[in-house]
Amino acid sequence: MEPAELLIAYERMAVIRRTEKAAHDLFLQGLVKGTTHLAAGHEAIAVGADAALRPDDYVFATYRGHHHALARGATPQECLAELMSRATGLCRAKGGSMHLTKASTGMLGSYAIVGAHLPMAAGAAWSARLRGTDRIAVAFFGDGATNIGAFHETLNLAAVWKLPVLFVCENNLYMEYTPIADVTAVARPAADRAPAYGIPGEVVDGNDVVAVREAVAHLAERARAGEGPALLEALTYRHFGHSRSDPAAYRPAEEVERWLKHDPLDLARGRLVESGVAPDAVVEADERARALVASAVEAAKAAPPPDPDQALTDVWADGGAAWRT
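About the cut-offs
- Residues numbered from 1 in each chain as written.
- Predicted model: local features only at pLDDT ≥ 70, side-chain atom pairs only at ≥ 80, totals over all residues.
- Heavy atoms only, no water.
- Phe/Tyr/Trp six-rings, centres within 6.5 Å; stacked < 30°, edge-to-face > 60°.
- Helix = DSSP H or I, 4+ residues; strand = E, 2+ residues; numbered from the N terminus.
- Buried < 20%, exposed > 50% of the residue type's maximum accessible area, 1.4 Å probe, protein only.
- Disulfide = S-S within 2.5 Å.
- Polar contact = N/O pair within 3.5 Å; in protein donor to acceptor, adjacent residues only side chain to side chain.
- Contact = heavy atoms within 4.5 Å.
- Axes fitted to C-alpha atoms, helices over the stretch in contact; angles between N-to-C directions.
- Left-handed = near helix turned anticlockwise from the far one by under 90°.
- Nonpolar A, V, L, I, M, F, W, Y, C, P; charged D, E, K, R; others polar.
- Patch = residues over 30% accessible without salt bridge, like charges linked within 9 Å, V, L, I, M, F, W, Y side chains within 5 Å.
- Areas by Shrake-Rupley, 256 points an atom, 1.4 Å probe, with all protein chains shown as cover.
- Salt bridge = Lys/Arg side-chain N within 4 Å of Asp/Glu carboxyl O.
- Core = buried A, V, L, I, M, F, W, Y, C linked by side-chain atoms within 4.5 Å.
- Parallel < 35°, antiparallel > 145°, perpendicular 65-115°, else oblique.
- Lys, Arg positive; Asp, Glu negative; His and termini not counted.

Student: Now, about the packing of aromatic side chains: what can you tell me, with residues and values included?
Tutor: Within the structure shown, the criterion is met by 6 aromatic pairs. When the centroid spacing of 5.4 Å and the interplanar angle of 5 degrees are considered together, the rings of Tyr-237 and Trp-259 count as stacked. Remark: Trp-259 occurs in helix α8 (residues 253–260) and Tyr-237 occurs in the loop between β8 (230–235) and α8; sequence separation between them is 22 residues. The buried category is assigned to Tyr-237, whose relative accessible area is 2%. The class of Trp-259 is buried, set by a relative accessible area of 15%. Taken together, the aromatic side chains of Tyr-174, Tyr-177 and Tyr-250 make up a single cluster linked through ring pairs.

Student: Could you give me a rundown of the state of the cysteines, with the residues and numbers involved?
Tutor: Counting across every chain of the model gives 0 disulfides. Here Cys-91 is not cross-linked by a disulfide; its sulfur's nearest cysteine counterpart is in Cys-79, at 8.9 Å. Judged by relative accessible area, which is 19%, Cys-91 ranks as buried.

Student: If you had to explain the side chain of Asp-50 to someone new, which residues and values would you point to?
Tutor: Mapping Asp-50 onto the fold places it in helix α2 (residues 43–52). Residue classification places Asp-50 among the buried residues on the basis of a relative accessible area of 14%. One polar contact links Asp-50 to Arg-12, side chain to side chain, over a distance of 3.0 Å. Those residues in contact with Asp-50 that lie beyond four places of it in its chain are Arg-12, Ala-71 and Arg-72.

Student: So what's going on with the packing of helix α1 (residues 3–28) against helix α10 (residues 279–302)? Residues and values would help.
Tutor: The axes of two packed helices give the description: the angle between them and the distance between them. Relative orientation of the contacting elements α1 and α10 amounts to 35 degrees, with a least axis distance of 9 Å. Viewed along their axes, α1 and α10 form a crossing whose handedness is right-handed. Contact with α1, carried on its side by Leu-7, Tyr-10, Glu-11, Ala-14, Val-15, Arg-18, Thr-19, Ala-22 and Leu-26, involves Ala-281, Val-282, Ala-285, Asp-286, Arg-288, Ala-289, Arg-290, Leu-292, Val-293, Val-297 and Lys-301 of α10 and no other residues of that element. In terms of residue class, the contact of α1 with α10 is built from 13 nonpolar, 1 polar and 6 charged.

Student: Would you mind going over a nonpolar patch on the surface in detail, with residue names and values included?
Tutor: Residues Trp-126, Leu-130, Leu-157, Val-160 and Trp-161 make up a contiguous nonpolar surface patch of about 520 Å² in total accessible area. Looking at the nonpolar patch, the elements with two or more residues in it are α5 (117–130) and α6 (149–161). Looking at the nonpolar patch, the element that brings in the most residues is α6, giving 3 residues. Following the sequence through the fold, Trp-126 ends up in helix α5.

Student: If you had to explain the nonpolar core to someone new, which residues and values would you point to?
Tutor: With 62 residues, the main nonpolar core has Leu-80, Leu-166, Val-209 and Val-216 as its most contacted residues. Sort the elements by how many residues they give to this core and α1 lands first, with 11 residues. For Leu-166, the residues in contact, after removing those within four places along its chain, are Ile-136, Ala-137, Val-138, Ala-139, Val-216, Leu-219, Ala-220, Ala-223 and Ala-230. Formed by 24 residues, the second largest nonpolar core is a distinct cluster that contains Ala-125, Ala-128, Phe-151 and Ala-190.

Student: Tell me what's going on with the packing of α1 against helix α4 (residues 76–83), and back it up with residues and numbers.
Tutor: Viewed as axis vectors pointing N to C, α1 and α4 meet at an angle of 20 degrees, and their least axial separation amounts to 11 Å. Taken together, the axis directions place α1 and α4 in an arrangement best described as roughly parallel. For α1 against α4, the interelement crossing comes out right-handed. Note on element contacts: α4 touches α1 through Pro-76, Leu-80 and Leu-83, opposite Val-15, Thr-19, Ala-22, Ala-23 and Leu-26.

Student: An account of the side chain of Arg-251 is needed here, citing residue identities and associated values.
Tutor: Within the fold, Arg-251 resides in the loop between β8 and α8. With no salt bridge to any partner, buried Arg-251 finds its closest opposite charge in Glu-255, at an N-O distance of 5.2 Å. Looking at Arg-251, its side chain comes within polar contact range of the main-chain oxygen of Arg-238, at 2.7 Å. Once residues within four sequence positions are removed from consideration, Arg-251 is found in contact with Tyr-174, Tyr-237, Arg-238, His-239, Phe-240 and Val-256.

And the structure:
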């Protein structure tokens, strides 16, 4: 990344981090109902990958998907309003935290069922090729999904059909509360499985936005050229527990401390200093991120609740709910 690009990426990560913090605070205030799965610590994966993709590519994420929705063009106000069940929410209060979707920007959804979106990403890739485009699909998933049948079935079919799809594992070391290493036969739950399907399997520092961008860029180019799918394992760490009800007391204190010292924003700041970006420019980026999210919080709080008459709309692509035969 050029210094100017890196500064933009840093500011986008700062916006995501502050939006996640706002979601946490709003939950504690009783303004976000249900639960949330925060992606604080995963920002470099979403922002780095998006920097390597085109606006017309397709992205699929998990229930821990706030960062991907924001990276693909959703605004903090849209996301926070959705979490707060407001009419101005990204899905007009019908999706909530676990189903953030913005099809107009290629964000084709967050999915609560582990591994369920991998076959959907393969389908989107098949559609892109069938229509004669060079779009690609990218499925982001957690390490726990690598032990789900849909993961293996989709990798196999994608390899057989040489689909233009990338599979990106956000390996934060834990399947909800269980260390992935305790229940997996290989050291790298995603990358080590790739050879079984005859596709490339790579590992990258998922907290380094530049490294993620470079890895996704060359795999995306390969997919566009008709060389088929690839699997990227991005090593990262979540700063919070699995969900809002999880204090994450099962994680060793020294492990948490080690990973918090490897924060994506700190790494990006270090790279900015090394590239000669003025410290004031970084401070200004942080201030813009703070102001944007603060404004988004107030706008979401002031937004009206959803109209009950709209409850049955959006079942079909035309926005209606009339039964089809």
